[in-house]
Structures are given as C-alpha cells and as structure tokens.
Amino acid sequence: MKHVLVQSIINVPKDVKIRIKEKTIYTKGINGELSKKFNNKNVNIIYKKNDSNSLIVRCYYNNKSSSAIVRTITSIIYNMIIGVSKGFTYLLKIVYSHFPISVKYIQNENTDGKM
C-alpha cells in the first residue's frame, strides 16, 4: 500500500549540535564529530532548532522500500547522536572452531586496557 507521507522524528539532546548541508549531516558532541552523506533523492531531512530540537526524516509518495529507507536513515542518525554524546564500546570475543588462530593485542592511548 502506498502512503502519501512517511516521516520519522528524532529528538536531539541539548549537548549535541547538528548541521545539515546538501544531504550531509554533521553531528558534534562531547565525544567528537561525525558526518554522513545520504544520497537518496526522495528523502528530505529537516532540523527544527527550537524548544524541542527535533530532526525530521520524511519521504513523499513512497512505497515499501522508501519506508524502509526512512527508517534506516533515522536509525543511522540516531546512532550518530548516541556516538557523539555517550560513545560506543565494542567488546569482542575471539573463538576458533577448527584451525587455531593467533591474535596480538596492542594497547593504544584510546583503549582502557581491559580485555
């Protein structure tokens, strides 16, 4: 079924600054800066900088795949906001099944040394 408008709204925290320039979104927070370019012609991204600080991703006259694109772009932007405000930590577990593997761990300045 075709919908006339599909939109998704993201609430932006006060400590995150967002700038949009020609389908490229720049986010800046206490943990750094991120940028991502979205090349979809049908998707509009609007930033309303007022009391609520909301970001709207919308697509007009779409089908099922366009709805999925709106949700995907929304989740990418949401993860960018989380990344610059709170940060991400990935913990990996190394497992081998048949052939043994060797791993070297080199501690950088950015890592906390926990393994």
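Residues numbered from 1 in each chain as written. Predicted model: local features only at pLDDT ≥ 70, side-chain atom pairs only at ≥ 80, totals over all residues. Heavy atoms only, no water.

Visitor: What is the right way to look at the overall build of the chain in this model?
Guide: Along the chain, the regular secondary structure elements total one helix and six strands. Scanning the chain from its N terminus toward the C terminus, one meets helices and strands in the order β-β-β-β-β-β-α. In terms of overall dimensions, the chain is more spread out than a globule: its C-alpha atoms have a radius of gyration of 19 Å, far above the 13 Å expected for 115 residues. Its C-alpha atoms give the chain principal-axis dimensions of about 55 × 35 × 20 Å. (Helix = DSSP H or I, 4+ residues; strand = E, 2+ residues; numbered from the N terminus. Rg over C-alpha atoms; globule rule 2.2 N^0.38 Å.)

Visitor: Would you mind going over the nonpolar core with me for this structure?
Guide: Here is a general trend for soluble globular proteins: nonpolar side chains tend to be buried in one another's company. With 18 residues, the main nonpolar core has I45 and I77 as its most contacted residues. For this core, the elements supplying multiple residues, two or more each, are strand 1 (3-11), strand 5 (43-48), strand 6 (54-62) and helix 1 (64-85). Sort the elements by how many residues they give to this core and helix 1 lands first, with six residues. If we ignore the near neighbours within four places in the chain, the residues touching I77 are I10, I25, F38, I45, L55 and V57. (Core = buried A, V, L, I, M, F, W, Y, C linked by side-chain atoms within 4.5 Å. Buried < 20%, exposed > 50% of the residue type's maximum accessible area, 1.4 Å probe, protein only. Contact = heavy atoms within 4.5 Å.)

Visitor: Looking at this structure, I do not really get unusual backbone geometry. What am I missing?
Guide: Both trends apply: most residues other than glycine have a negative phi, and most peptide bonds are in trans. One non-glycine residue, E22, lies in the positive phi region at around 50°. Mapped onto the elements of the fold, E22 is located in the loop between strand 2 (17-21) and strand 3 (24-29). Residue E22 is classed as exposed on the basis of its relative accessible area, which comes to 71%. Here K23, not a glycine, exhibits a phi torsion of approximately 65°, which is positive.

Visitor: Would you take a moment to explain the sheet that holds strand 2 for this structure?
Guide: Note on sheets: strands pair through backbone hydrogen bonds, and any given pair is parallel or antiparallel. With respect to topology, three strands assemble into an open sheet ordered 2-3-4, the strand pairing being antiparallel. Of all the strands in the sheet, the pair left with one neighbour each is strand 2 and strand 4 (32-37). Here the average twist between neighbouring strands, direction ignored, is 15°. Pairing of strand 2 with strand 3, which is carried by five bridges, proceeds in the antiparallel orientation. Residue K17 lies in a different strand from strand 3, and its bridge partner there is K28. (Pairing = 2+ DSSP bridges. Axes fitted to C-alpha atoms, helices over the stretch in contact; angles between N-to-C directions.)

Visitor: Just checking my understanding: could you explain a nonpolar patch on the surface for this structure?
Guide: On the surface, V4, L5, Y60 and Y61 cluster together to form a nonpolar patch covering roughly 450 Å² of accessible area. Contributing elements (two or more residues each) for the nonpolar patch: strand 1 and strand 6. On the secondary structure map, L5 appears in strand 1. A relative accessible area of 38% means that L5 is categorised as partly exposed. (Patch = residues over 30% accessible without salt bridge, like charges linked within 9 Å, V, L, I, M, F, W, Y side chains within 5 Å. Areas by Shrake-Rupley, 256 points an atom, 1.4 Å probe, with all protein chains shown as cover. Salt bridge = Lys/Arg side-chain N within 4 Å of Asp/Glu carboxyl O.)

Visitor: Quick question: what am I supposed to make of the pattern of salt bridges here?
Guide: Oppositely charged side chains may form a pair once their charged atoms are brought near each other. All told, the structure shown has one salt bridge when counted by the stated rule. Where K28 meets E33, a salt bridge forms, and the shortest distance between an N and an O atom there is 4.0 Å. You can call E33 exposed: its relative accessible area is 60%.

Visitor: Would you explain helix 1 in this entry?
Guide: Between its first and last C-alpha, helix 1 extends 32 Å over 22 residues, near the 32 Å set by a 1.5 Å rise per residue. Of all the positions in helix 1, only S66, S67, V70, I73, T74, I77, M80, I81, I82, G83, V84 and S85 are classed as buried. (Expected span 1.5 Å × (residues − 1).)

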